[in-house]
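Given next are the chains, with one letter for each unit.
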Amino acid sequence: MALEDKTGPHLPSHVAIIMDGNGRWARKRLLPREAGHYAGMGAVRETVRAACDIGLQNLTLFAFSSENWKRPKTEVGALMGLFRAYFRSDMDELVDRNIRMRIIGHRGRVANDIQQMIEESEKRTINNTGMNLTFAFDYGGQEEIVAATRELARAAADGRLDPETITPELFASRLFTSALPSPDLVIRTSGEHRLSNFLLWQSAYAELLFLDTLWPDFDRAALESALAQFGGRERRFGALDSEAVA
Ligand code: IPE
Ligand code: IPE
Ligand code: MG
């Protein structure tokens, strides 16, 4: 009940989070950047638990961008290691919580054992009916849009598709997120005010919330506060608000 008071009736159906600020969190403590990523994994765990308890239907977390390959090899290696560690340590709990896992992104560029883990986790949770938990991993929004365009162009060139039948809905059905509703709320931590190539198509009408909190400090209370802020927003989707119409 307390939560309902805080969030009001407008719980978003899909929250997507750009988990940023691990490096700065570590630097503030004179620790290596990898320590920030490790602490960030704790915040992932807490956020997933909280989202599940709150009854959120869809949570998508940006874990590694297609541009993050530009980072030093050691940092990329540490991030890949943490991804592996997360799957090993948390999969059982995610299954127990009836969570359905999806990983969106390129896939072909990550190590074979990670590709296998991704496939196994998706297979293992395919019949789960609780929260959809999606990790964007080696994900880039422009790359995703180009891949969908290429697929449609190929179908048109082969005569299997009439270009006139391409609608926003058809296009969206070719994206990684075809099974998910559009995000209602996109949160970015760490004080940066940009999307960094995250869910570009899908966020067309998302409410954006930029928080100064560094990702490792994000927790249940931060999520509840974000949901409460979302509850206070008026969404118009290009139309007029109810008062203007009345
Ligand atoms: C987010 O934290 C994690 C990833 C991008 C993988 P950063 O590593 O970007 O942290 P900052 O932005 O340097 O503080
Ligand atoms: C975005 O953060 C990617 C993730 C959170 C995974 P970055 O730290 O890579 O973004 P930029 O480089 O500051 O835009
Ligand atoms: Mg960053």
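Residues numbered from 1 in each chain as written. Chains lettered and ligands numbered in written order. Predicted model: local features only at pLDDT ≥ 70, side-chain atom pairs only at ≥ 80, totals over all residues. Heavy atoms only, no water.

*Asks:* Which residues make up helix α4 (residues 73-96), and what values go with them?
*Replies:* Over its 24 residues, α4 runs 35 Å from end to end, which matches the ideal 34 Å to within 8%, given 1.5 Å per residue. Of all the bends in α4, the greatest measures close to 55 degrees and is centred on aspartate 90. Residues Glu75, Val76, Leu79, Met80, Leu82, Phe83, Tyr86, Phe87, Asp90, Met91 and Leu94 constitute the buried set of α4. If you follow the buried residues of α4, they end up packed against α3 (33-54), β2 (58-65), β3 (100-104), α5 (112-124) and β4 (132-139). One or two steps after α4, the chain reaches asparagine 98, where phi turns positive at roughly 65 degrees. (Helix = DSSP H or I, 4+ residues; strand = E, 2+ residues; numbered from the N terminus. Expected span 1.5 Å × (residues − 1). Bend = angle between axes of the 7 residues up to and from the residue. Buried < 20%, exposed > 50% of the residue type's maximum accessible area, 1.4 Å probe, protein only. Contact = heavy atoms within 4.5 Å.)

*Asks:* Explain the pairing of strand β5 (residues 185-188) to me, using residue names and the numbers behind them.
*Replies:* Residues Leu185 and Ile187 line one face of β5 and the alternating positions Val186 and Arg188 line the opposite face, and both faces are buried. With four bridges joining them, β5 and strand β6 (residues 207-210) adopt parallel strand pairing. Bridge pairing in β6 places valine 186 opposite leucine 208. (Pairing = 2+ DSSP bridges.)

*Asks:* Account for unusual backbone geometry, naming residues and giving values.
*Replies:* Even without being glycine, aspartate 138 reaches a positive phi, approximately 55 degrees. Here aspartate 138 is to be found in strand β4. For serine 190, which is not glycine, the phi torsion reads 85 degrees and is therefore positive.

*Asks:* Which residues make up the site of ligand 2, and what values do they have?
*Replies:* Taken together, Ile18, Met19, Asp20, Phe62, Ala63, Phe64, Asn68, Arg71, Arg188, Arg194 and Ser196 form the complete shell of residues around ligand 2. Here arginine 71 contributes a side-chain N or O atom positioned 3.2 Å from an oxygen atom of ligand 2. Coverage of ligand 2 by the protein amounts to 78% of the 390 Å² it exposes when considered alone. Its atoms largely coinciding with the cavity grid, ligand 2 occupies the largest pocket. Here the element with the most residues in the shell around ligand 2 is β2; it accounts for three residues. Classifying every residue of the shell around ligand 2 by side-chain character gives five nonpolar, two polar and four charged. (Near = heavy atom within 4 Å. Polar contact = N/O pair within 3.5 Å; in protein donor to acceptor, adjacent residues only side chain to side chain. Areas by Shrake-Rupley, 256 points an atom, 1.4 Å probe, with all protein chains shown as cover. 1 Å grid on protein atoms, 1.4 Å probe; cavity = no way out; pocket = protein on both sides within 12 Å on 5 of 7 lines; lining within 4 Å. Sits in = over half its atoms within 2 Å of the grid points. Nonpolar A, V, L, I, M, F, W, Y, C, P; charged D, E, K, R; others polar.)

*Asks:* Run through the environment of alanine 26, naming residues and quoting values.
*Replies:* Within the element layout of this structure, alanine 26 appears in helix α2 (residues 22-28). Overall, the relative accessible area of 0% leaves alanine 26 in the buried class. Spatially, the C-alpha atom of alanine 26 lies 8.3 Å from that of histidine 37, the residues being eleven residues apart in sequence. Contacts of alanine 26, omitting those with residues within four sequence positions, involve Leu31, Pro32, Arg33 and Gly36.

*Asks:* Residues and numbers for the site of ligand 1, please.
*Replies:* Lining the immediate surroundings of ligand 1 are 13 residues, of which Asp20, Gly23, Arg24, Arg33 and Arg71 lie closest. Separating an oxygen atom of ligand 1 from a side-chain N or O atom of arginine 24 is a distance of 2.7 Å. Contact distances for ligand 1 include 2.7 Å between an oxygen atom and a side-chain N or O atom of arginine 71. For ligand 1, whose unbound accessible area comes to 380 Å², protein coverage reaches 87%. For ligand 1, the cavity whose grid points lie within 2 Å of the majority of its atoms is the largest pocket. Looking at the shell around ligand 1, the elements with two or more residues in it are α2, α3 and α4. No other element matches α2, which puts three residues into the shell around ligand 1. Here the shell around ligand 1 is composed, by residue class, of three nonpolar, five polar and five charged.

*Asks:* Can you lay out the side chain of histidine 37 for me, pointing to particular residues and giving the numbers?
*Replies:* Note that histidine 37 resides in helix α3. The class of histidine 37 is buried, set by a relative accessible area of 7%. Within the structure, the side chain of histidine 37 is placed 3.0 Å from the side chain of asparagine 22, a separation counted as a polar contact. Leave out the neighbours within four places in its chain, and histidine 37 touches Asn22, Arg71, Glu75, Leu79 and Leu82.

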